[in-house]
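For reference, the chains in residue letters:
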Amino acid sequence: AQQWVQALQLVCEMSYILVERSSITFSAAVSACEKGQQWVQALQLFREMADSRVERSSISYNAAVSACDKGAACVHLVLLLGSLGTDA
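Rules and cut-offs
- Residues numbered from 1 in each chain as written.
- Predicted model: local features only at pLDDT ≥ 70, side-chain atom pairs only at ≥ 80, totals over all residues.
- Heavy atoms only, no water.
- Core = buried A, V, L, I, M, F, W, Y, C linked by side-chain atoms within 4.5 Å.
- Buried < 20%, exposed > 50% of the residue type's maximum accessible area, 1.4 Å probe, protein only.
- Helix = DSSP H or I, 4+ residues; strand = E, 2+ residues; numbered from the N terminus.
- Contact = heavy atoms within 4.5 Å.
- Phe/Tyr/Trp six-rings, centres within 6.5 Å; stacked < 30°, edge-to-face > 60°.
- pLDDT = per-residue confidence, 0-100.
- Axes fitted to C-alpha atoms, helices over the stretch in contact; angles between N-to-C directions.
- Parallel < 35°, antiparallel > 145°, perpendicular 65-115°, else oblique.
- Left-handed = near helix turned anticlockwise from the far one by under 90°.
- Nonpolar A, V, L, I, M, F, W, Y, C, P; charged D, E, K, R; others polar.

**Re the nonpolar core**
Counting 20 residues, the largest nonpolar core has F26, V30, C33 and L45 as its most contacted members. If you list the elements that add at least two residues to this core, you get α1 (3-16), α2 (23-35), α3 (39-51) and α4 (58-70). Once you skip the residues sitting within four places of it in the chain, C33 turns out to touch W4, L8, Q38, Q41, A42 and L45.

**Here's the deal with the packing of aromatic side chains**
In total, this model carries one aromatic pair according to the counting rule given. Judged by centre distance (4.9 Å) and plane angle (70 degrees), the rings of F46 and Y61 are edge-to-face. With F46 in helix α3 and Y61 in helix α4, this residue pair connects regions lying 15 residues apart in the sequence. Just as F46 is buried, Y61 falls in that class too.

**Concerning the confidence of the model for the protein**
As a general rule, the predicted coordinates of low-pLDDT regions are not to be interpreted in detail. Looking at the protein as a whole, the pLDDT averages 80, with 78% of positions reaching at least 70. The weakest mean pLDDT in the protein belongs to helix α5 (residues 74-82) at 64; the strongest belongs to α2 at 89.

**Points about the packing of α1 against α2**
Put simply, α1 and α2 touch, their axes get as near as 8 Å, and they point 150 degrees apart. Between α1 and α2, the angle falls in the class roughly antiparallel. Classified by chirality, the crossing of α2 by α1 is left-handed. Along its contact with α1, which presents Q3, W4, A7, L8, V11 and M14, the element α2 presents T25, F26, A29, A32 and C33. Among the residues forming the contact of α1 with α2, the class breakdown is nine nonpolar, two polar and no charged.

Quick look at the structure:
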């Protein structure tokens, strides 16, 4: 369950060494955070995807929604669901 820490470190390190971060990379990290019950970090990564202009996929949305659900973060879940369809 501690794999979320390694996933966050990897995503951060990738940006420092100028390795392109993809939807797959971010989605895997969001999913690891979700499994580690770290909904705050999962949402931060999900937001960072948009900030980094990485396309958010159904996989990343599902992982973020699941993280909010497991974290009982209902307000964030509603906001997340409200953003569906706003990604270009």
